[in-house]
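Observations on chain architecture
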Amino acid sequence: MKITVKGMDFDVNLLDFDTAKAYEDGAERLTNLAKELEPITKLSEKILKGCDAIAEVIDSVLGEGTTEKLFNGKKALDEYSQTWFEITEKISKGAK
């Protein structure tokens, strides 16, 4: 299936084992991200670690380097989170 994120098209094949596993594992990891960030006291560190975690998942699902294409090196946790939610929503709709 094709999904469009931030004006860019990506092919996602959830019937491919590696893609399905990356999506499931990534969704699980990001569900627990708040707990992972909780002990960190500095806001800047929370932003960096949160963005890095989301970037890792996006790259594993949509392909290496996708995060750089989507965000051009910018690290804004709200944008990363919103983009991940958009990706999951589109994948969920397409999987039905």
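Please refer to the structure placed before this passage.
Residues numbered from 1 in each chain as written. Predicted model: local features only at pLDDT ≥ 70, side-chain atom pairs only at ≥ 80, totals over all residues. Heavy atoms only, no water.

The secondary structure content of the protein chain amounts to five helices and two strands. Traced from its N-terminal end to its C-terminal end, the protein chain shows the element sequence β-β-α-α-α-α-α. Based on the C-alpha atoms only, the size of the protein chain along its principal axes is roughly 40 × 25 × 20 Å. Residues counted as buried form 35% of the 96 residues belonging to the protein chain. For the protein chain, contacts bridging at least 24 residues in sequence account for 61% of all contacts bridging at least 6. For the protein chain, the exposed surface amounts to about 6,100 Å²; the carbon and sulfur share of it is 52%. Taken as two groups, the 14 positive and 19 negative side-chain charges of the protein chain have centres that lie 4 Å from each other. (Helix = DSSP H or I, 4+ residues; strand = E, 2+ residues; numbered from the N terminus. Buried < 20%, exposed > 50% of the residue type's maximum accessible area, 1.4 Å probe, protein only. Contact = heavy atoms within 4.5 Å. Areas by Shrake-Rupley, 256 points an atom, 1.4 Å probe, with all protein chains shown as cover. Lys, Arg positive; Asp, Glu negative; His and termini not counted. Charge placed at Lys NZ, Arg CZ, Asp CG, Glu CD.)

Helix length check: helix 1 (residues 17–31) (15 residues) gives 21 Å between terminal C-alpha atoms against 21 Å at 1.5 Å per residue, within 8%. Looking only at helix 1, the buried set comprises T19, A20, A22, Y23, G26 and L30. Seen from one end, helix 1 has its buried residues packed into an arc of 165 degrees, which puts them on one side. Facing away from the buried surface of helix 1 by more than 90 degrees, the exposed residues are F17, D18, E24, E28 and T31. In this structure D16 caps helix 1, since a side-chain oxygen of it lies 3.3 Å from the backbone nitrogen of D18. (Expected span 1.5 Å × (residues − 1). Arc of directions from axis to C-beta. Polar contact = N/O pair within 3.5 Å; in protein donor to acceptor, adjacent residues only side chain to side chain.)

This part is about the nonpolar core. Among the nonpolar cores identified, the biggest contains 24 residues, and I3, I58, V61, L62, W84 and I87 are the most heavily contacted of them. Mapped by element, the contributors of at least two residues to this core are strand 1 (2–5), helix 1, helix 2 (33–37), helix 3 (43–62), helix 4 (66–71) and helix 5 (77–95). In this structure, I58 is in contact with G63, T66, T67, L70, F71, T83, W84 and I87, ignoring residues within four places of it in sequence. (Core = buried A, V, L, I, M, F, W, Y, C linked by side-chain atoms within 4.5 Å.)

Here the focus is the pattern of salt bridges. Should the charged atoms of two oppositely charged side chains come close, the side chains can pair. Tallied over the full model, the rule gives nine salt bridges. Taking the shortest distance from any N to any O, the salt bridge between D25 and K21 comes out at 3.0 Å. Note that D25 and K21 are positioned in helix 1 at a spacing of four residues, about one turn of the helix. What makes D25 partly exposed here is its relative accessible area of 38%. Measuring nitrogen to oxygen at the nearest pair gives 3.9 Å for the salt bridge that ties K93 to E89. Pair noted here: K93 and E89 are both in helix 5, with a separation of four residues, about one helical turn. For K93, a relative accessible area of 60% gives the class exposed. Among the residues examined, E89 registers a relative accessible area of 45% and is labelled partly exposed. Here the salt bridges share partners, and the residues they tie into one network are K6, K74 and E79. (Salt bridge = Lys/Arg side-chain N within 4 Å of Asp/Glu carboxyl O.)

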